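Topology and contacts: notes
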Amino acid sequence: MQQHVVLATAGYDRTIRLWEPNCSRCIRTLQHPESQVNRLVITSDQHYLAAAGNPRIAFYDIASTVLHAVSNYEGHTSNVTDVGLLKAFRWLYSSSEDGTVKVWDIRERGAKRSFSAPSVDPCLCVCQYPGTQGDLIAGYASGAIRIWDLSTSRCRWEDTPCPGHAIQSVCAPEGAPGLLAATSRGQCLRYALGAAPPSPEDPARTLADPVLESQFTAHDMYILRAIYSPTFRHIATASADHTAKIWNTEDNTLDRTLRSHTMWVWDCAFNPDGTLLATASADRKAILWDLTTGRALQTYQGHTKPIVSLALSDRSFPVPPTAPAQPAAQQPVQRRRGVGGGSAGQMMHGVHRPYPPPRTGKPR
């Protein structure tokens, strides 16, 4: 089956650009006039792209020629800092500086669940707990990490490993060796996740509390994004020190430093076999790197202000279709056969990103 690839970038110029990954050509520019775009995620069927703004989540039909959002999800009262899709592709989850984590039915507009910490604590990132139907792991500006249980609508676990240092990024994809978290202090934290032993006192408990296994200093400044490679052999970190770094998961040692950006590196994403990495920076550039040589293969330019979000998607097998809520007045949609392709493009894969401290000023 022919693979179709989408590379999307967005930031403070209030546009979302779709690129041909193997030739740096901008295919299309989508409009997001309301605010900057803090996070991007592409549905696995590549029909839709979700953009986290301030304070709404916008859905775009990227399989069509429509340049505006076809649906919006409202309920947050401040910057939406992260957004993701649950496995069933029917549910959307998000975090916000308003201190809440919300779960949405893609086919409707209102949030189905909302979780708030006891005190107002801006939530900067969120991801799904692997192996569950929708439990969520969230990182907060206070330095807390909380796990929200969808079955009880309660926080079932909380830890503050670095008090006063914001949790910038959380990552726990299916099959990963555990939870990866990153802080504004430049540290990476690795937690073991697993099943709980049988307990007569609490027979309903199936998941053990996370255990902090290791931590290491990856950068001397903010880490803005930290992710596992698809093979889980490496970790990529993006930082305010203008670099991205690749780390070995076996012993947390540095494998390679990627230097070319001249301002904060806000986001990054691997290709399927972990040999390529895309980065997005406040210098208004996105770069595709060859990790075997450390060489920049492609540079994507066209944004007029800092790029702070990046998403890659590689469709190589059939997936369930998604269907967002329909707007009140839907314009006719002209379908396209897809976007992306090419030798380098066929190696891409979708990943999305968490977020730095509250965006109260211009990114550097």
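The coordinates are above.
Please read these numbers as outputs of a predicted model, since none were measured by experiment.

**With respect to the overall build of the protein**
For the protein, the count of helices and strands is zero helices and 28 strands. Scored against the burial criterion, the 364 residues of the protein give a buried share of 56%. Intrachain contacts of the protein at a sequence separation of at least 6 include 53% that bridge at least 24 residues. Counting every atom, the protein has about 14600 Å² of accessible surface; 48% of that belongs to carbon and sulfur.

**Observations regarding the side chain of Thr 279**
Its place among the elements puts Thr 279 in strand β25 (residues 276–281). Of the polar contacts made by the side chain of Thr 279, one reaches the side chain of His 261; its length is 2.8 Å. Look past the residues within four positions of Thr 279 in its chain and what remains in contact with it is Ala 244, His 261, Val 265, Asp 267, Cys 268, Lys 285, Ala 286, Ile 287, Trp 289 and Leu 310.

**Topic: the sheet that holds strand β11 (residues 111–116)**
One open sheet holds the four strands; their spatial order is β8-β9-β10-β11, and the pairing between them is antiparallel. Edge positions in the sheet fall to β8 (80–85) and β11, since each has one partner strand and no second. With strand direction ignored, the average angle separating the axes of adjacent strands in the sheet is 15°. Pairing geometry for strand β10 (residues 100–105) and β11, over five bridges, is antiparallel. Looking across to β11, one finds that Val 101 is bridged to Phe 115.

**Here's the deal with the nonpolar core**
Counting residues in each nonpolar core, the largest one holds 28 residues, and the members touching the most others are Val 101, Leu 136, Ile 137, Ile 145 and Val 170. When contributions to this core are tallied by element, the ones reaching two or more residues are β10, β12 (123–128), β13 (136–140), β14 (145–149), β16 (167–171), β17 (179–183) and β18 (187–192). Setting aside residues no more than four positions away along its own chain, Leu 136 makes contact with Leu 86, Tyr 93, Val 101, Val 103, Val 126, Cys 127, Gln 128, Tyr 129, Arg 146, Ile 147, Trp 148 and Leu 150. Within the second largest apolar cluster, 25 residues are counted, among which are Ala 218, Ile 235, Ile 246 and Ile 287.

**Let's talk about the sheet that holds β25**
The sheet built from four strands is open, its strands ordered β24-β25-β26-β27 with antiparallel pairing. Since the sheet does not close on itself, it has two edges, and those belong to β24 (265–270) and β27 (295–301), each with one partner. On average, adjacent strands in this sheet sit at an angle of 20° to one another, irrespective of strand direction. As judged from the five bridges shared by β24 and β25, these two strands associate in the antiparallel manner. The residue of β25 that forms the bridge with Asp 267 is Ala 280.

**Quick look at unusual backbone geometry**
With an omega of 5°, the peptide bond running from Asn 54 to Pro 55 counts as cis. Turning to its location among the elements, Pro 55 is positioned in the loop between β5 (48–52) and β6 (57–61). Backbone geometry places Gln 46, a non-glycine residue, at a positive phi of 60°. Position of Gln 46 among the secondary structure elements: in the loop between β4 (39–42) and β5.

**Section: the pairing of strand β23 (residues 254–259)**
Sheet topology places strand β22 (residues 243–248) next to β23; five bridges connect them, and they run antiparallel. Paired with Ile 246 across the bridge in β23 is Arg 256. What sits between β22 and β23 in their antiparallel hairpin is a turn of five residues, with Asn 252 showing a positive phi close to 60°.

Here is what the cut-offs are and how they apply
Residues numbered from 1 in each chain as written. Predicted model: local features only at pLDDT ≥ 70, side-chain atom pairs only at ≥ 80, totals over all residues. Heavy atoms only, no water. Helix = DSSP H or I, 4+ residues; strand = E, 2+ residues; numbered from the N terminus. Buried < 20%, exposed > 50% of the residue type's maximum accessible area, 1.4 Å probe, protein only. Contact = heavy atoms within 4.5 Å. Areas by Shrake-Rupley, 256 points an atom, 1.4 Å probe, with all protein chains shown as cover. Polar contact = N/O pair within 3.5 Å; in protein donor to acceptor, adjacent residues only side chain to side chain. Pairing = 2+ DSSP bridges. Axes fitted to C-alpha atoms, helices over the stretch in contact; angles between N-to-C directions. Core = buried A, V, L, I, M, F, W, Y, C linked by side-chain atoms within 4.5 Å.

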